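Next come the chains, spelled out residue by residue.
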Amino acid sequence: MSQSVYKVLGKNGRIYLPRELQSEMEIQRGDIIKLIPVKDGVQIKKVHLIEMGDKSPEAVEAFVHAAASAMSRESQMELAARLLNSLREEEKQ
């Protein structure tokens, strides 16, 4: 692809990256990307780890997703069960 791509910013402030661009950048659903403001725009970079100290909900979700992706299916199921039990306990209170 390696050509410029023009996109219109959506009503919720979102843009979509075309599949060809995702393929070229070797990113896929669930990958962690970092948006870096630069003088005239935004740089997009695929990352494998989130910087220490970033506790934003988006960073935490991305970290948990990346960690779960690296786990075995059995470990993912155990984690999901623990999270579900924790939510049920919170609802009881």
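Everything discussed here concerns the structure shown above.
Residues numbered from 1 in each chain as written. Predicted model: local features only at pLDDT ≥ 70, side-chain atom pairs only at ≥ 80, totals over all residues. Heavy atoms only, no water.

(A) Broad picture of the overall build of the protein chain. For the protein chain, the count of helices and strands is three helices and two strands. The secondary structure elements of the protein chain, listed N-terminal to C-terminal, are α-β-β-α-α. Here the C-alpha radius of gyration of the protein chain, 17 Å, is well above what a compact globule of 93 residues would show, namely 12 Å. Counting the 93 residues in the protein chain, one finds 9% classified as buried. Of the charged side chains in the protein chain, 14 are positive and 14 negative, and the gap between their average positions amounts to 3 Å. (Helix = DSSP H or I, 4+ residues; strand = E, 2+ residues; numbered from the N terminus. Rg over C-alpha atoms; globule rule 2.2 N^0.38 Å. Buried < 20%, exposed > 50% of the residue type's maximum accessible area, 1.4 Å probe, protein only. Lys, Arg positive; Asp, Glu negative; His and termini not counted. Charge placed at Lys NZ, Arg CZ, Asp CG, Glu CD.)

(B) Highlighting helix H2 (residues 57-69). Here H2 spans 18 Å end to end across 13 residues, near enough to the 18 Å set by a 1.5 Å rise per residue. Each element contacted by the buried residues of H2 is listed here: strand S1 (32-38) and helix H3 (73-92). (Expected span 1.5 Å × (residues − 1). Contact = heavy atoms within 4.5 Å.)

(C) A look at unusual backbone geometry. One non-glycine residue, Glu-26, lies in positive phi territory at about 55 degrees. Position of Glu-26 relative to the elements: it lies in the loop between helix H1 (19-25) and S1. Using a relative accessible area of 61% as the deciding quantity, one classes Glu-26 as exposed.

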